[in-house]
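These are the residues of each chain, in order.
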Amino acid sequence: RQPGWLARSLGWHGDDGCVFHGPGPEVLRLERFGEGDTVGCGMHLFTRAVFFTLNGRLLPTTMVMPSSPLLYPTIGIDAHVSVRLNFGMSPFKFEPEAATATLE
């Protein structure tokens, strides 16, 4: 099962651009993504507003995550592809601080 389809999970799916938050229909529709794209997901820790980026561009979202003590970054892949993950050890294509004014 992919992230976003399970309770208390959030997932942006590249095949259709849909964002899911638990069982049920999509809660948001964004752009599709695939091989060669750089995707990002972040959250403003004080407001709990979630943001998504695609190839360095901030995408329009209005999602706020409910309060939860634990968060785990997760990816789901249903194809034979390689991925690179960046948890801040290299510069991001989109600087998270640039989303602050939008998310507060």
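The text that follows walks through the structure, step by step, so that each part is easy to find. Note that this is a predicted model, so its numbers are computed, not measured.

**A look at the sheet that holds strand S4 (residues 39-43)**
Alright, step 1. If you walk across this open sheet you meet the three strands as S4-S5-S6, and the pairing is antiparallel. The sheet is open, and its two borders are formed by S4 and strand S6 (57-58), each paired with just one other strand.
Alright, step 2. Relative to S6, strand S5 (residues 50-54) runs antiparallel, the two being bridged by two bridges. The residue of S6 that forms the bridge with Leu54 is Arg57.

**Section: the nonpolar core**
For soluble globular proteins, nonpolar side chains are generally found buried alongside one another.
Alright, step 1. Counting eleven residues, the largest nonpolar core consists of Trp12, Val19, Leu28, Leu30, Met43, Val50, Phe52, Leu54, Leu59, Met63 and Met65.
Alright, step 2. With three residues, S5 is the single largest residue contributor to this core.

**Brief notes about the side chain of Arg48**
Alright, step 1. Here Arg48 lies in the loop between S4 and S5.
Alright, step 2. Residue classification places Arg48 among the buried positions, given a relative accessible area of 14%.
Alright, step 3. Those residues in contact with Arg48 that sit more than four places away from it in its chain are Met43, Met63, Val64, Met65, Pro66, Ser67, Ser68 and Leu71.

So, how was this worked out
Residues numbered from 1 in each chain as written. Predicted model: local features only at pLDDT ≥ 70, side-chain atom pairs only at ≥ 80, totals over all residues. Heavy atoms only, no water. Pairing = 2+ DSSP bridges. Helix = DSSP H or I, 4+ residues; strand = E, 2+ residues; numbered from the N terminus. Core = buried A, V, L, I, M, F, W, Y, C linked by side-chain atoms within 4.5 Å. Buried < 20%, exposed > 50% of the residue type's maximum accessible area, 1.4 Å probe, protein only. Contact = heavy atoms within 4.5 Å.

Such coordinate-based values are descriptive only and should not be taken to indicate function.
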